[in-house]
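Each chain, written out:
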2 protein chains.
Amino acid sequence: MGIREVARRAGVSVATVSRTINRVHPVSPEIAARVWQAIAEVGYVPNTQARALVSGRSRILGLIVSDITNPFFPELIHGFEQFAVEARFEVLLGSTNYDPALMASVVRRMIERRVEGVAVMTSEMESSLLEQLTDRRVPLVFMDVAPLAPRVSNVCVDYAAGVTQAVQHLQRLGHERLAFIGGPLQLKSARQRRDAFLHCLASYPAAPPLVLDGDHKLEGGELAVQKLLSAVPRPTAVLCSNDLTAIGVLHGLDAEGLRAPRDMSVVGFDDIHMARFTLPPLTTVRLSRAALARLAFDALIRDLQNPEASPGATYRLETTLVVRASTARLGAAAPAAG
Amino acid sequence: MGIREVARRAGVSVATVSRTINRVHPVSPEIAARVWQAIAEVGYVPNTQARALVSGRSRILGLIVSDITNPFFPELIHGFEQFAVEARFEVLLGSTNYDPALMASVVRRMIERRVEGVAVMTSEMESSLLEQLTDRRVPLVFMDVAPLAPRVSNVCVDYAAGVTQAVQHLQRLGHERLAFIGGPLQLKSARQRRDAFLHCLASYPAAPPLVLDGDHKLEGGELAVQKLLSAVPRPTAVLCSNDLTAIGVLHGLDAEGLRAPRDMSVVGFDDIHMARFTLPPLTTVRLSRAALARLAFDALIRDLQNPEASPGATYRLETTLVVRASTARLGAAAPAAG
DNA sequence: TTGAAAGCGCTAACAC
DNA sequence: GTGTTAGCGCTTTCAA
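Residues numbered from 1 in each chain as written. Chains lettered and ligands numbered in written order. Predicted model: local features only at pLDDT ≥ 70, side-chain atom pairs only at ≥ 80, totals over all residues. Heavy atoms only, no water.

Regarding the overall build of chain A
Counting its regular elements, chain A contains 12 helices and 12 strands. By principal-axis analysis of the C-alpha atoms, chain A measures approximately 85 × 45 × 30 Å. Within chain A, the proportion of its 338 residues that are buried is 55%. Pairs at least 24 apart in sequence give 70% of the contacts found in chain A among residues at least 6 apart. Summing over all exposed atoms, chain A offers an accessible surface of approximately 14000 Å²; the carbon and sulfur share of this is 55%. (Helix = DSSP H or I, 4+ residues; strand = E, 2+ residues; numbered from the N terminus. Buried < 20%, exposed > 50% of the residue type's maximum accessible area, 1.4 Å probe, protein only. Contact = heavy atoms within 4.5 Å. Areas by Shrake-Rupley, 256 points an atom, 1.4 Å probe, with all protein chains shown as cover.)

Side note on the pairing of strand β2 (residues 90-95) of chain A
The two faces of the sheet receive side chains in turn, since in a regular strand these alternate between them. Residue and element names in this part refer to chain A. With six of six residues buried, β2 is to be regarded as a mostly interior element. With burial as the criterion, each face of β2 is covered, one bearing Glu90, Leu92 and Gly94 and the other bearing Val91, Leu93 and Ser95. As judged from the six bridges shared by strand β1 (residues 60-65) and β2, these two strands associate in the parallel manner. Each residue of the ladder has a partner; that of glycine 62, found in β2, is leucine 92. Handedness of the crossover is the feature at issue here: the chain leaves β1, passes through helix α5 (residues 72-86), returns alongside β2, and the resulting connection is right-handed. (Pairing = 2+ DSSP bridges. Right-handed = clockwise from strand over helix to strand, strands pointing away.)

Some points on the protein's contact with DNA strand D
Around DNA strand D, the structure places 23 residues, and the nearest of them are A:Ile3, A:Tyr44, B:Thr16, B:Arg19 and B:Ser28. Within 4 Å of the protein, the atoms of DNA strand D are drawn from sugar and phosphate moieties in a proportion of 61%. At a separation of 2.8 Å, a phosphate oxygen of DNA strand D approaches a polar side-chain atom of A:Ser18. One of the side-chain N or O atoms of A:Tyr44 is found 2.5 Å from a phosphate oxygen in DNA strand D. Looking at the surface near DNA strand D, the elements with two or more residues in it are α2 (14-22) and α4 (48-55) of chain A together with α2 (14-22) and α4 (48-55) of chain B. Broken down by element, the residue count for the surface near DNA strand D peaks at four residues, all from α2(A). Of the residues assigned to the surface near DNA strand D, the class counts are 13 nonpolar, seven polar and three charged. (Near = heavy atom within 4 Å. Polar contact = N/O pair within 3.5 Å; in protein donor to acceptor, adjacent residues only side chain to side chain. Nonpolar A, V, L, I, M, F, W, Y, C, P; charged D, E, K, R; others polar.)

Looking at the relation of the copies chain B and chain A
The two copies are related by a screw motion: chain B maps onto chain A through a turn of 180° and a shift of 0.0 Å along the axis, at an RMSD of 0.1 Å. Those values place the two copies in the arrangement expected of a two-fold rotation axis. No C-alpha of chain B lies nearer the rotation axis than that of B:Gln49, which sits 2.4 Å from it. Both copies share a contact surface, since 100% of the interface residues of chain B are interface residues in chain A too. (Least-squares fit on C-alpha atoms with pLDDT ≥ 70 in both.)

Regarding the protein's contact with DNA strand C
The environment of DNA strand C is made up of 23 residues, and the closest members are A:Thr16, A:Arg19, A:Ile31, B:Ile3 and B:Tyr44. Looking at DNA strand C alone, sugar and phosphate atoms form 67% of those within 4 Å of the protein. A distance of 3.0 Å is found between a phosphate oxygen of DNA strand C and a backbone nitrogen or oxygen belonging to A:Ser13. Note that a phosphate oxygen of DNA strand C is positioned 3.2 Å from one of the side-chain N or O atoms of B:Asn22.

Here's what the structure looks like:
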């Protein structure tokens, strides 16, 4: 079963078997062939724990997300795992559910498994937890948070530009009274989206903007609709902190007998795959999960390969406005079907 | 950093440190206190690979799914991970994308990490792969597929009952010409759903049923709408193999200027969380992810704790029809909003 | 190019 | 209750 058995069958030493498998030292072709033959015969699969122990490399990368049931994350996870597996890494996934206690447990589990790097794609990270990782010189990459330190990289999404694109789109359509539905405020990314919205409107002193609370879930959007509709004057358009919230709004409006964009223009954020399939299809700000996954993975690998603990880099990620059918000119008749 | 350092600081042997941590053998309170103190001082975290190597237990469970971007799976994964972490297991996730080659790579990775059990929540598993796992005496639990063998359990979803509930619901509403949009036919669960539909209609010799191809994705539903609408006579209701397909249908109908349930009643399958938020909210057959996760996890743990390789058990999982607003009486006016 | 042997960090047998 | 020690399966010096 083990490497010894393979060595015995091939009539070589375990060292030679190891070298054959790892292709790092030269092995004569005839011997290599005998070894591969023996490996096939016994169905030998190397034991990763033993390898990790002796080499000091677990070949595991941690990936921390907020909420795996938010479609944004599976799409991100999918990309990240793909890159990881290509590079012969395994991914240890951690979901925090926006809960700092869970985050602590996730970090602990990752340290126990001796992850070689962690991508933190959520931001409710206490600095004490961060230190546990940095003290062990584990490369880290954050999204939107930049606690600059050696081997800590950062992917910065340009929320301001994304939000501005959305707001300008609405303003061009004649909307002046805008509302915003935020996300969990312990998330820096959610705060940034909200702040970008307020900042953006500060320069257009039309009507004071309405800011409502959400939770980045369907329910939050649904719930916010009541307040949205009872505000005086009633907003004519709403920008949501993510697509799930926007889908909740669409549903909430429908429950009131209203429809986007006729009664209210609705804009999402993220452009999850589902956004093209809502009724009406959602106008939203695209934040590419594939690009985010790529950036995060590459940042980790770079810091991993860099022996000196040089300061981590900062990467920028741009957004694009995707105009679909949930927004329309203020007062326009409902667009023709199709 | 290691257990030796802790032992040195606490003035005890490494064995005592190990016993203190694992609480399996008695340790005197004063010594235990000294050990915990030393552990805190050095920030000691046990190395899981070393533990796994010596104990022969990796404390890793494999979870194989088809497609992590199908919302059905994140909800399942979430439950499974929760149970696993509670029991001090880690989850190694594998996505196959309905691709047998990927499945092979997933199984290989799991064997390399020496998983202690695998939940296969998809069914494109070749028997040769299955053997690699069973040969190593790894407990397995499948969904819908029952290759009966020692330590191989099975969770059987009662698709026939679910589909029957849906069909009867439509028939009670006066629908006679029904269509079905299937899933990837390499999936046994998809075949079972389709077969249940055909079987169900065989006893009501009204109009011959229309069966269309889908892929369990949004796109498949969208695409099927063309064929659905051009069929003569046109079906008045459609049952979809999963919710994603149904949401695609809703979108496809809208693109044609049609709307459910006025122009076509639509029924989904799974009851993903999103189903309550579609327009109109989706009538669907609920298959509880939490229950599925629980059953699968418990089956694994049971086989794991059972030293003799007794044959795995079969568990049943029932479905329930959830009536929402995407179905209506044939020829009825559109229901009032709300 | 190959082999012998040390040892990664820990648990578990055995001795005391 | 506690310490000593062998050894899990592998990689990696070091020597040949």
